[in-house]
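# Coordinate analysis (summary)
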Amino acid sequence: MKLETFKIMSDIKNREDILLILKEFYEKLLADNSINYFFTKVTNVEQHLEEHLEILATFWEQSLFLKGGYYNNMFQIHQKVHEKSPFTKEHYQSWLHHWNQTIDTCFQGNYAEQMKTQALSMATVMQIKLK
């Protein structure tokens, strides 16, 4: 196998990288019938996807690079969705699977690992609190 066939993956460096992850991730979520109804029926995220991705990019940019600018209460937002249609253990597992797969396909490094760890932490806290 030639050396050129190996793709050297870099770590997440900026907002553009975060947006790439988010766009790929949401493509997976919207294609997954076990979870996509949260974005198409329970909420109207699919109709405002670009705006939603920008908000999420601000969240992750603040989380990874300490940029600031995210002022929403992430837990409250998800609590309202959960009240309309409860999240199950399987929903969290699907979400994390798509998240980790997307990041692993695109990036490798400390920030990539931090995104996966933080997502697991958020999902764990939500599973405990949203009962």
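The following paragraphs examine the structure supplied in this document. Predicted model, so just to flag it, every value in this text is computed and none were measured.

## A short note on helix α5 (residues 89–106)
For α5, spanning 18 residues, the distance from its first C-alpha to its last is 26 Å, which sits close to the expected 26 Å at 1.5 Å a residue. If you check which residues of α5 are buried, you get His91, Tyr92, Ser94, Leu96, His98, Trp99, Thr102, Ile103 and Cys106. Where the residues of α5 are buried, they touch α1 (15–31), α2 (37–42), α3 (49–65) and α6 (110–129).

## Some remarks on the nonpolar core
Ile12, Leu22, Tyr26, Trp60, Trp99 and Met115 are the most contacted members of the largest nonpolar core, which has 36 residues in total. Mapped onto this core, the elements with two or more residues apiece are α1, α2, α3, α5 and α6.

## Notes on the side chain of Asp32
Take Asp32: it is sitting in the loop between α1 and α2. Buried Asp32, no salt bridge; nearest opposite-charge side chain is Lys28, N-O distance 11 Å. Side chain to side chain, Asp32 and Ser34 meet in a polar contact 2.6 Å long. Ignoring sequence-local partners within four residues, the contact set of Asp32 consists of Ser94 and His98.

## A word on the pattern of salt bridges
Going through the model one piece at a time under the given rule, you end up with four salt bridges. With a shortest N-O distance of 2.5 Å, Asp104 and Lys116 are connected by a salt bridge. Remark: Lys116 occurs in helix α6 and Asp104 occurs in helix α5; sequence separation between them is twelve residues. Of the residues examined, Asp104 reaches a relative accessible area of 39% and is grouped as partly exposed.

About the cut-offs
Residues numbered from 1 in each chain as written. Predicted model: local features only at pLDDT ≥ 70, side-chain atom pairs only at ≥ 80, totals over all residues. Heavy atoms only, no water. Helix = DSSP H or I, 4+ residues; strand = E, 2+ residues; numbered from the N terminus. Expected span 1.5 Å × (residues − 1). Buried < 20%, exposed > 50% of the residue type's maximum accessible area, 1.4 Å probe, protein only. Contact = heavy atoms within 4.5 Å. Core = buried A, V, L, I, M, F, W, Y, C linked by side-chain atoms within 4.5 Å. Lys, Arg positive; Asp, Glu negative; His and termini not counted. Salt bridge = Lys/Arg side-chain N within 4 Å of Asp/Glu carboxyl O. Polar contact = N/O pair within 3.5 Å; in protein donor to acceptor, adjacent residues only side chain to side chain.

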